[in-house]
Amino acid sequence: MVNNLCEIDPPQLEARDDPRWEYLEEDLLALRHELLGATLDAGWYPSMDPDGAFKAELLVGDDWQSPLSTLETRSLPELAAWIEARLQDTHAIEVEVARRRKLESKGGSRQ
C-alpha cells in the first residue's frame, strides 16, 4: 500500500488532464474513534473525475444508511473545516450513540 499526503484544491486545477486528478480517489481519509464507535470517512466521488466532489460522512458504528452528519463540496478548505468541527464535537457523537443504543435495546428503529 502506498500513502501519498498532498494538498490539492480542485478549483485550482485548470486542466482536465492534470495528473493531480489521480490523487482524488474515493478512499482519502478514514478516522475511527474506538471508544465512541464512530467513523469519519472522506473521499472524492467519482474517483479521479474532474466533475466530482468531496463527500464526507460521520457514522455511528457501521451505519452507512443513517450517517450522523454529511458533507458534499468541491472546496478543500470547506472539507477541512467540516472535519475539524466534527472532531471537536465529540459530545454530539456521544449523545447519538447513547440514543441509538437505547433504541436498539428497546427493539426500535432509528428515525
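Residues numbered from 1 in each chain as written. Predicted model: local features only at pLDDT ≥ 70, side-chain atom pairs only at ≥ 80, totals over all residues. Heavy atoms only, no water.

Peer 1: I'd like a rundown of the environment of Arg 74, residues and numbers included.
Peer 2: By secondary structure assignment, the location of Arg 74 is in the loop between strand S4 (69-73) and helix H1 (76-88). Overall, Arg 74 belongs to the partly exposed group, its relative accessible area being 33%. As a C-alpha pair, Arg 74 and Ala 53 span 21 residues in sequence and 4.8 Å in three-dimensional space. Separated by 2.4 Å, the side chain of Arg 74 and the backbone oxygen of Gly 52 make a polar contact. (Helix = DSSP H or I, 4+ residues; strand = E, 2+ residues; numbered from the N terminus. Buried < 20%, exposed > 50% of the residue type's maximum accessible area, 1.4 Å probe, protein only. Polar contact = N/O pair within 3.5 Å; in protein donor to acceptor, adjacent residues only side chain to side chain.)

Peer 1: How would you summarise the confidence of the model for the chain if you had to cite specific residues and measurements?
Peer 2: Mean pLDDT for the chain: 89, with 93% of residues reaching 70 or above. Element-level mean pLDDT values for the chain span from 86 in helix H2 (residues 90-105) up to 97 in S4. (pLDDT = per-residue confidence, 0-100.)

Peer 1: For the packing of aromatic side chains, give the residues involved together with the corresponding values.
Peer 2: Considering all chains together, one arrives at two aromatic pairs under this definition. Aromatic pair Trp 44 and Phe 54: ring centres 4.9 Å apart, planes at 85°, arrangement edge-to-face. Highlighted residues: Trp 44 in strand S2 (residues 38-45) and Phe 54 in strand S3 (residues 53-60), separated in sequence by 10 residues. Residue classification places Trp 44 among the buried residues on the basis of a relative accessible area of 0%. Take Phe 54: its relative accessible area is 2%, and that puts it in the buried class. Site record: aromatic cluster; members linked through ring pairs are Trp 21, Trp 44 and Phe 54. (Phe/Tyr/Trp six-rings, centres within 6.5 Å; stacked < 30°, edge-to-face > 60°.)

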